[in-house]
Amino acid sequence: MLFSCNNRVYTEIPLKQVEDFYANMKEKGVNTDTTMLYGYFFTNETKKPLEAAAEELKKKNFQFVKIYQSDDNIYWLHVERKEKHNSNSLYVLNKELYNLASRYNLQSYDGYDVGNVDPAKAIETDSYFVPEDFSARDVVKDGYLYLLVINNAFDKFSHKEEFCYFIKINCNYDIVDEHKLPSDSELIKMDNLDHAIEGMLNAQNIKNYYVFRNVYKGDRNCFIAINNKEAADKALKNFQQTSKIFAFNYEIIKDEKWTNYELAKKIQ
């Protein structure tokens, strides 16, 4: 996308490139949902317009880092701000910074980088952090619809051996059509049950991962990976007795090779 003003033409960073930037960080185990130090860069042939732009950016809580001259005699402005972004919010901010560059007739807004909020440290990576990469599939199985929602990010999860236990949450629902599917209201209740169970496990410091769920012929199953079978079993027994969200049964299955996940992935 080209942005033109004041005889300058800027080639804007497309949304897809910003999305790829975040996807790449997540694949490396970076939790991008936290506050990080974002740096922003502008260029110009002369220094004064950059100084003026820096003053406006300071009023927007950007921290001035420096203005320096590169070997090709181009001046660079570097500012930064501690903030939390996703691909959409950073894309919107980029548009604002292109507009600012245009108003000061700068050579370019040259883009961004990201680092640890402590500049002396590298970005932290956490191999236990799993991004959300959910996909939904609807297939016909024995003449009835089989609905699957699965987090594909576990393809690259390196701790499957540790999280070899799966809580299988089973709900029986009322069939409302020829496809043997539940009503929308029951689907919402079962989704709320999943969230409540995740919240309960987290509240009791039981590490868990929501892996996938399926709906088929009156049964709805949710699979949550854990590494502490005994603690999860005790917590679920208490929750089952008190919860009124939706009636459910559960079992805890040992699946060291994540066979259920691999089988679900093969459903086309």
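Residues numbered from 1 in each chain as written. Predicted model: local features only at pLDDT ≥ 70, side-chain atom pairs only at ≥ 80, totals over all residues. Heavy atoms only, no water.

(A) The packing of helix α1 (residues 15-27) against helix α3 (residues 87-103), seen in detail. α3 packs onto α1 with a crossing angle of 135° between their chain directions and a minimal axis gap of 9 Å. Comparing the axis directions of α1 and α3 gives the class oblique. Relative to α3, the crossing made by α1 is right-handed. Along its contact with α1, which presents Leu 15, Val 18, Glu 19, Phe 21 and Tyr 22, the element α3 presents Ser 87, Asn 88, Leu 90, Tyr 91 and Asn 94. (Axes fitted to C-alpha atoms, helices over the stretch in contact; angles between N-to-C directions. Helix = DSSP H or I, 4+ residues; strand = E, 2+ residues; numbered from the N terminus. Parallel < 35°, antiparallel > 145°, perpendicular 65-115°, else oblique. Left-handed = near helix turned anticlockwise from the far one by under 90°. Contact = heavy atoms within 4.5 Å.)

(B) Layout of the pairing of strand β11 (residues 219-226). Most of β11 is tucked away, with 7 of its 8 residues classed as buried. Pairing of strand β9 (residues 165-172) with β11, which is carried by 8 bridges, proceeds in the antiparallel orientation. Each residue of the ladder has a partner; that of Phe 166, found in β11, is Ala 225. Hairpin geometry of strand β10 (residues 208-216) and β11 is characterised by an intervening segment of 2 residues between the two adjacent antiparallel strands and by a positive phi of about 50° at Lys 217. (Buried < 20%, exposed > 50% of the residue type's maximum accessible area, 1.4 Å probe, protein only. Pairing = 2+ DSSP bridges.)

(C) Seen up close, the packing of aromatic side chains. As enumerated under the stated definition, the model contains 23 aromatic pairs in all. A centroid spacing of 5.1 Å and a plane angle of 75° characterise the contact between Phe 21 and Tyr 112, whose relative ring orientation is edge-to-face. Of the two residues, Phe 21 is situated in helix α1 and Tyr 112 in strand β6 (residues 108-115); the sequence distance between them amounts to 91 residues. Consider the rings of Tyr 40 and Phe 62, whose centres lie 5.5 Å apart with planes at 85°: the pair is edge-to-face. Taken together, the positions of Tyr 40 in strand β3 (residues 36-44) and Phe 62 in the loop between α2 (48-59) and β4 (63-69) put the pair 22 residues apart, joining distant regions of the chain. As far as burial versus exposure is concerned, Tyr 40 and Phe 62 are alike and both buried. Here the basic side chain of Lys 66 rests over the ring of Tyr 68, its NZ or CZ set 4.9 Å away from the ring centre. Above the face of the Trp 258 ring, Lys 160 is positioned so that its terminal group lies 5.6 Å from the ring centre. (Phe/Tyr/Trp six-rings, centres within 6.5 Å; stacked < 30°, edge-to-face > 60°. Lys NZ or Arg CZ within 6 Å of the ring centre and 35° of its normal.)

(D) Broad picture of the sheet that holds β4. The sheet built from 4 strands is open, its strands ordered β4-β5-β3-β6 with antiparallel pairing. In this open sheet, the two edge strands, each paired with only one partner strand, are β4 and β6. Strand-to-strand twist of the sheet, defined as the mean angle between neighbouring strand axes without regard to direction, takes the value 20°. Summarising the sheet, β3 and strand β5 (residues 75-83) pair through 9 bridges and their orientation is antiparallel. Residue pairing across strands places Met 36 opposite Glu 83, the latter belonging to β5. On top of the sheet, α1 reaches β3 and β6; it is set at about 15° to β6, its chief contact. Along the sheet, α2 makes contact with β3, β4 and β5, crossing β5 at roughly 10°.

(E) How the structure looks around the sheet that holds strand β12 (residues 249-254). The strand order β7-β8-β10-β11-β9-β12 describes an open sheet built from 6 strands, whose pairing is antiparallel. Both edges of this open sheet fall to β7 (134-141) and β12, since each of them pairs with a single strand only. Averaged over neighbouring strand pairs, the angle between their axes works out to 20° when direction is ignored. Taken together, the 8 bridges between β10 and β11 define a ladder with antiparallel strand orientation. From the neighbouring strand, Tyr 210 faces β11, where its bridge partner is Ile 224. Across the sheet, helix α4 (residues 184-203) lies against β9, β10 and β11, angled at about 160° from β10, the strand it touches most. Most of the contacts of helix α5 (residues 229-242) go to β12, to which it runs at about 175°, and overall it touches β9, β11 and β12.

(F) Focus on the pattern of salt bridges. Taken as a whole and assessed by the stated rule, the structure comprises 13 salt bridges. The shortest N-O distance in the salt bridge between Glu 27 and Lys 156 comes to 3.4 Å. Residue Glu 27 is located in helix α1, and its partner Lys 156 is located in the loop between β8 (144-151) and β9; the two are separated by 129 residues in the primary sequence. Each member of the pair, Glu 27 together with Lys 156, is exposed. A salt bridge links Glu 56 to Arg 103; the nearest nitrogen and oxygen atoms lie 2.7 Å apart. Taken together, the positions of Glu 56 in helix α2 and Arg 103 in helix α3 put the pair 47 residues apart, joining distant regions of the chain. You can call Glu 56 buried: its relative accessible area is 16%. Within this structure, Asp 191, Asp 194, Arg 213 and Arg 220 form a network of salt bridges that share partners. (Salt bridge = Lys/Arg side-chain N within 4 Å of Asp/Glu carboxyl O.)

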